[in-house]
Amino acid sequence: MGKGNVYMKHWLSDKERFSDFVNGSLFQGRKVFTAESLQKEDTEHGLVIRKPDGEEITVQRYRDICMTAKDGTRVVILACENQEEIHYGMPVRGMLYDALSYVDQVNEIRKGRRNQKELKRSAEFLSGMKQTDLLYPVVTLIFYYGEKDWDGKQDLHSLFGIEREEYKMLKKYVPNYSINLIDPRKIGDLTCFQTDLQMVFGMLKYRKNKDGLLKYVQENKAYFSRIDEESYNALRVLLGSEQSLKAMEERTGGIDMCKALDDLYQDGIAEGMEKGIEKGMEAKIVAMIRKKLGKGMSISEIADDLELELSYVQKVIDLLSENMEQTDLEVAERMIG
């Protein structure tokens, strides 16, 4: 698991935030689930399959986030997979995760029934369940925060190309499986979120617009001037700025995202100025080499006269010989690389 996925997992595992994510994404903000009703569950799911020859095959998967929502008699398993990259087999992957969750439930029922010696009929012994036993529904959200628009299939039938004439007759008999793909950039009304998800998701449309991003953050300074460390790290991932936005230690009152972005912006300006100065100096040296070369001086004479490395002068002359119409600045840019 990459560092970015770890940051996102910790950030979204907050019960208040997670319930808001589910309610806002699936129910237009209606409070179907609450933080108080959620309980974190083991994210590991496994299955052991025994082949006829006795060989055992182990299938094991780890979800990013898994919680059980218990509200009176209603129990729902809520899960989330964080995706920064497009996954073209996601319907199959999601179906496997959900199937393993249901297998775990069946195994728990079987274990309880057998321990209590409650299985009487042959059908009960065969399945390990009674006819009245029920499973809890599993709802999995695929949280996609990548830069490109998702162009992968979102259901199993699409992977089959089942709309093709030769497959249409099978559509009725092949069960479909659809993923719940959540791309916050595609959500028109962010007021469906009641927590800081609204602020954070609002930033994503400015991911490649530095001026717009700075303006948005300043307009919402009350929130962004004191965010917690987990939110700051999540923002670094969502903005694709894990390397450029520095890791910061949370101080009393939280981290100032406004200052972090301003520092990043100023660093960029300083770096640009520094490169501009370097190119200017380099261009002057190229001009002097070009002039002395025109006077018929040898490479060693030019190097001695300008107190430059022989290899450096040779590289400039090689570039000039490729195209004498190049400006001194263009040669300088190629020298810097």
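Above: the structure in question.
**Describing the environment of M335**
Here comes step 1: As for its placement among the helices and strands, M335 is situated in helix α13 (residues 328-336).
Here comes step 2: Once the C-alpha coordinates of M335 and V316 are considered, the two residues, 19 residues apart in sequence, prove to be 7.5 Å apart.

**Examining the side chain of R17**
Here comes step 1: The residue R17 is located in helix α2 (residues 15-26) in this model.
Here comes step 2: Here W11 takes part through its backbone oxygen, which lies 2.7 Å from a polar atom of the side chain of R17.
Here comes step 3: In this structure R17 touches W11, L12, T195, D196, L197, D228 and S231, once residues within four positions along its chain are discounted.

**Re the packing of aromatic side chains**
Here comes step 1: For the structure shown, the criterion picks out eleven aromatic pairs.
Here comes step 2: When the centroid spacing of 5.2 Å and the interplanar angle of 65 degrees are considered together, the rings of F21 and F143 count as edge-to-face. Of this pair, F21 sits in helix α2 while F143 is found in strand β6 (residues 138-144), placing the two residues 122 residues apart along the sequence. No difference in accessibility class separates F21 from F143, as the two residues are buried.
Here comes step 3: Consider the rings of Y206 and Y216, whose centres lie 5.4 Å apart with planes at 35 degrees: the pair is tilted. One end of the pair, Y206, is in the loop between α6 (197-203) and α7 (210-219); the other, Y216, is in helix α7, and ten residues separate them in sequence.
Here comes step 4: Residue classification places Y206 among the partly exposed residues on the basis of a relative accessible area of 22%.
Here comes step 5: By way of ring pairs, the aromatic residues W11, F21, F143, Y145, F193 and F201 are connected into one cluster.

**A word on the sheet that holds β6**
Here comes step 1: In space, the five strands of this open sheet follow the order β1-β4-β5-β6-β7, with mixed pairing throughout. Each edge of the open sheet is held by one strand with a lone partner, namely β1 (38-40) and β7 (180-182). The average angle at which neighbouring strand axes cross in this sheet is 30 degrees, direction not considered.
Here comes step 2: Sheet analysis places strand β5 (residues 74-83) next to β6, joined by seven bridges and oriented parallel. Looking across to β6, one finds that E81 is bridged to I142.
Here comes step 3: The strands touched by helix α3 (residues 90-115) within the sheet are β5 and β6, with β6 carrying the most contacts at an inclination of about 145 degrees.

**Structural notes on helix α9 (residues 229-238)**
Here comes step 1: With respect to burial, α9 is a largely interior element, eight of its ten residues being buried.
Here comes step 2: Considered for burial, the residues of α9 that qualify are S231, Y232, N233, A234, L235, R236, V237 and L238.
Here comes step 3: The N-cap of α9, judged by a side-chain oxygen 3.1 Å from the amide nitrogen of E230 a few residues on, is D228.
Here comes step 4: Of the residues trailing α9, G240 is marked for its positive phi of about 65 degrees.

Cut-offs used in this document
- Residues numbered from 1 in each chain as written.
- Predicted model: local features only at pLDDT ≥ 70, side-chain atom pairs only at ≥ 80, totals over all residues.
- Heavy atoms only, no water.
- Helix = DSSP H or I, 4+ residues; strand = E, 2+ residues; numbered from the N terminus.
- Polar contact = N/O pair within 3.5 Å; in protein donor to acceptor, adjacent residues only side chain to side chain.
- Contact = heavy atoms within 4.5 Å.
- Phe/Tyr/Trp six-rings, centres within 6.5 Å; stacked < 30°, edge-to-face > 60°.
- Buried < 20%, exposed > 50% of the residue type's maximum accessible area, 1.4 Å probe, protein only.
- Pairing = 2+ DSSP bridges.
- Axes fitted to C-alpha atoms, helices over the stretch in contact; angles between N-to-C directions.

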